[in-house]
Amino acid sequence: MTDNQQNEKPCLVQTEQGFSVIYKNRSLYSKYNPASAALRTVQSLNILPQTLVICYSPVLGYGLQELVQKTENSSFILLIENDPVLFEFSKPYIEEILAPYNAAPKEQKAFYCFVQNDKNLFELFANKTIPDFSNFRRCLPVELSGGAKLNQPFYQNLTALCDDAVNRFWRNRITLVKMGRLYARNLLKNLSKVPFSSPLAAKSISRPILVCASGPSIDYIIEQIKGAAEFFYIIAVDNAFLPLLKNGIIPDAVIAVESQIANEKAFLGTAQSGIKIIGDLTSRPHILSIPGGSFSFFLSEYENCRYIKRIISQELFPFPVIKPLGSVGLSAVEIALILRASPALPVFFAGLDFSYTPNKSHCKESVFHRNKLNGHNRLNPIENSPHCFGANSFYIQGKNGVFITEPALASYGQTFAQRYSKVQNLFDVSPVGMDINCAKCSVEQMAEYGKLFAAENPQLQAENLQSRIAAKNIPDKELFDRIKRFYIEEIERLEELRQLLINGGDTNRMLTLIEEREYLFLHFADGYKPVTAGNTSMLKRIRSEIDFFIKDLTIALKNMGEL
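Residues numbered from 1 in each chain as written. Predicted model: local features only at pLDDT ≥ 70, side-chain atom pairs only at ≥ 80, totals over all residues. Heavy atoms only, no water.

Per the secondary structure count, the protein chain includes 17 helices and 18 strands. Overall size of the protein chain, expressed as C-alpha extent along the three principal axes, is 85 × 65 × 55 Å. Relative to its 563 residues, the protein chain shows a buried fraction of 49%. Across the protein chain, every contact between residues at least 6 apart in sequence was considered, and the portion connecting residues at least 24 apart equals 69%. Mean positive and mean negative side-chain charge positions of the protein chain (60 and 56 charges, respectively) differ by 4 Å. (Helix = DSSP H or I, 4+ residues; strand = E, 2+ residues; numbered from the N terminus. Buried < 20%, exposed > 50% of the residue type's maximum accessible area, 1.4 Å probe, protein only. Contact = heavy atoms within 4.5 Å. Lys, Arg positive; Asp, Glu negative; His and termini not counted. Charge placed at Lys NZ, Arg CZ, Asp CG, Glu CD.)

Here you go:
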């Protein structure tokens, strides 16, 4: 393509039935009836309620008026142009068509913008320029001109990103409806334990780190790990805790993120082992005391909440805050990367398979493996594992063969690849499982590296052995007092809110108290919507939640005791 062709401007061309546009040596509309194709496209569309209609490169806007008229008020049309020259050319035509429909800002039905990259697109949602993803149930891409073909890969990627954002929002909503109240209750209860926890300081581990999850691949390399365990700072996920102990491997720390009581099964047989627990602040409080050692916290900020930001801003939680990753394995790797002293220090991981083989979904001695053995009988043989072939399971090509996975596992694997595949000195030592595009290293190479590192740094080896004798936590008096004040003030505010909801009063004060305490309503099915004075249904439900949280906070305050 010549420089003249690259720099040419869009040009209007008269046809038999209207104007077409010539740009980059291409006609963007029919040479005979420019509007016909766009009108046929709009007529063929089935636009359901709450649809985000994404119209790429509308140029002259043929079919746009019909598209707006066909779109319900619960839906929205986002018009996107990736070519800056074409955007400036088409802007006057599009604005003229949209003017009657966007006269009232609160009733805006469509928005035309130039989007250069993914970040520009998501800034529109973050800045409330266009309605949030919570307003939509689906996305519908539409092409009303040939301009969309000029940058088709880019537009296809935008569609995939919007689809994923909408799906992720509703998946998160389902999780919050099921688990949101438990997350909040565990968080507020665990806050009373924070003054008695040990620090989880960033860049505090100066030895190679090994993260062990509970995937089947652990069984292939457990003996090699056992032979080299003394050379590494070992972080185990909860379900890998007992399998490691059963093989004589003592981890330095165990990551716990699960909030439900079912997670306690992973700690059966580990009582008084003295191993340190690194728990999410939303994890089940009781598991912290089972091993009988020290414990530390981190926080997965499961939702963008004011009450969590208040806790952080008041310096009630001086520990790492990470993005919600969904999987304990991902959280363990994230914590390992936070703890390592520098990017030059390697972090190895095993057992993060995100897939499995028939009859073997986890390593031996894990909760799932023990349950299968315990339930084995003549009518339910071990070989009969229908759960491995669920309705949504599917096959993938893994590192050295074909494996089975599920949508949730595959999603975690994709998240891992996106987040960690380019992280410096992060190595996958599992010989089987999903290929997550990370640098690979054999367990023999890992062991050899550990031995060499220990030989070159004998003082760190001594520290490593000492760290496995878990010390009791030394209470932080200043932090203790701050959290105690927080509990007292929070109970007072909840009692004030209860009285306002029962007897009436200052509406603005009532709404302010509610907005600062999302834990009261975030788990409602409509908890993502703003709370208003006119929504009596939500206010009544919030009123019923207050008693639960006052009780939890009172018990947590009582359990703190006095230093």
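Here the narrative resumes, following the displayed structure.
Once that is clear, we can look at the side chain of serine 430. The residue serine 430 is located in the loop between strand S17 (426–428) and strand S18 (439–440) in this model. Those residues within four positions of serine 430 in sequence are excluded, and the remaining contacts are Ser217, Phe349, Ala350, Gly351, Leu352, Asp353 and Lys399.

For the rest of this paragraph, the subject is the pattern of salt bridges. With the rule as written, the count across this model stands at 23 salt bridges. Arginine 306 is paired through a salt bridge with glutamate 515; the nearest N and O atoms lie 3.6 Å apart. A residue pair is termed long-range when its members are at least 10 positions apart, and arginine 306 in helix H9 (residues 306–313) and glutamate 515 in helix H16 (residues 507–515) qualify at 209 residues. Residue classification places arginine 306 among the partly exposed residues on the basis of a relative accessible area of 46%. Overall, the relative accessible area of 32% leaves glutamate 515 in the partly exposed class. Between aspartate 481 and lysine 477 there is a salt bridge whose closest N-O contact spans 2.9 Å. On the criterion of helical spacing, the pair formed by aspartate 481 and lysine 477 is a turn pair, its members being four residues apart in helix H15 (residues 477–503). For aspartate 481, a relative accessible area of 26% translates into the label partly exposed. (Salt bridge = Lys/Arg side-chain N within 4 Å of Asp/Glu carboxyl O.)

What follows deals with the confidence of the model for the protein chain. Counting all residues, the mean pLDDT for the protein chain is 88, and 94% of those residues have values of 70 or more. Low confidence marks residues 468–472, where pLDDT is under 50. Its contacts with residues over four positions away, or in another chain, come to 11 contacts. (pLDDT = per-residue confidence, 0-100.)

Another point: the state of the cysteines. Under the definition given, this model contains zero disulfides. Free of any disulfide, cysteine 139 has its nearest cysteine sulfur in cysteine 162, 5.2 Å distant. Residue cysteine 139 is classed as buried on the basis of its relative accessible area of 13%. (Disulfide = S-S within 2.5 Å.)

Here we take up the packing of aromatic side chains. According to the stated counting rule, one finds 26 aromatic pairs in the structure shown. Judged by centre distance (4.9 Å) and plane angle (45°), the rings of phenylalanine 87 and tyrosine 112 are tilted. One end of the pair, phenylalanine 87, is in helix H4 (residues 84–98); the other, tyrosine 112, is in strand S6 (residues 110–114), with 25 residues separating them in the sequence. Both residues of the pair, phenylalanine 87 and tyrosine 112, belong to the buried class. Each ring, one from phenylalanine 196 and one from phenylalanine 480, has its centre 6.1 Å from the other, and the planes form 85°; the classification is edge-to-face. Of this pair, phenylalanine 196 sits in the loop between helix H6 (152–190) and strand S8 (209–212) while phenylalanine 480 is found in helix H15, placing the two residues 284 residues apart along the sequence. (Phe/Tyr/Trp six-rings, centres within 6.5 Å; stacked < 30°, edge-to-face > 60°.)

Moving on, we come to the packing of helix H7 (residues 218–228) against helix H13 (residues 443–456). For any two helices packed against each other, the geometry comes down to the angle between their axes and how far apart the axes lie. Between H7 and H13, whose axes approach to 10 Å, the crossing angle comes to 5°. With respect to H13, the axis of H7 lies roughly parallel. On H13, the residues that touch Ile221, Gln224, Ile225 and Ala228 of H7 are Val443, Glu444 and Ala447. Across the contact of H7 with H13, the residue classes break down as five nonpolar, one polar and one charged. (Axes fitted to C-alpha atoms, helices over the stretch in contact; angles between N-to-C directions. Parallel < 35°, antiparallel > 145°, perpendicular 65-115°, else oblique. Nonpolar A, V, L, I, M, F, W, Y, C, P; charged D, E, K, R; others polar.)

Looking now at the packing of H15 against H16. At a minimum axis distance of 10 Å, the contact between H15 and H16 shows a crossing angle of 135°. As the angle between them shows, H15 and H16 are arranged oblique. Where H15 crosses over H16, the handedness of that crossing is left-handed. Residues Arg493, Glu496, Leu497, Leu500 and Leu501 of H15 touch H16, and the partners they reach there are Arg509, Met510, Leu513 and Ile514. The class makeup of the residues in the contact of H15 with H16 is six nonpolar, no polar and three charged. (Left-handed = near helix turned anticlockwise from the far one by under 90°.)

Next up on the list: the pairing of strand S10 (residues 253–256). Residues Ala253 and Ile255 line one face of S10 and the alternating positions Val254 and Ala256 line the opposite face, and both faces are buried. Of the pairings in the sheet, the one linking strand S9 (residues 233–237) to S10 comprises three bridges and is parallel in character. In the strand pairing of S10, isoleucine 235 is matched with alanine 253. Crossover S9 to S10 through helix H8 (residues 238–246) is right-handed. When S10 meets strand S11 (residues 276–280), the two strands line up parallel, connected through four bridges. Bridged to alanine 253 within S11 is lysine 276. (Pairing = 2+ DSSP bridges. Right-handed = clockwise from strand over helix to strand, strands pointing away.)

Turning to the environment of lysine 9, a few remarks are in order. Here lysine 9 lies in the loop between helix H1 (3–7) and strand S1 (11–15). Separated by 99 residues in sequence, lysine 9 and glutamine 108 place their C-alpha atoms 31 Å apart. Setting aside residues up to four positions removed in sequence, lysine 9 forms contacts with Ile22, Tyr23 and Val85.

Let us now look at the sheet that holds S1. Across the sheet, three strands lie side by side as S1-S2-S3; this open sheet has antiparallel pairing. One side of each edge strand has no neighbouring strand; the edge strands of this open sheet are S1 and strand S3 (26–27). Of the strand pairs in this sheet, strand S2 (residues 18–23) and S3 are connected by two bridges, and their pairing is antiparallel. Along S3, the bridge assignment pairs tyrosine 23 with arginine 26.

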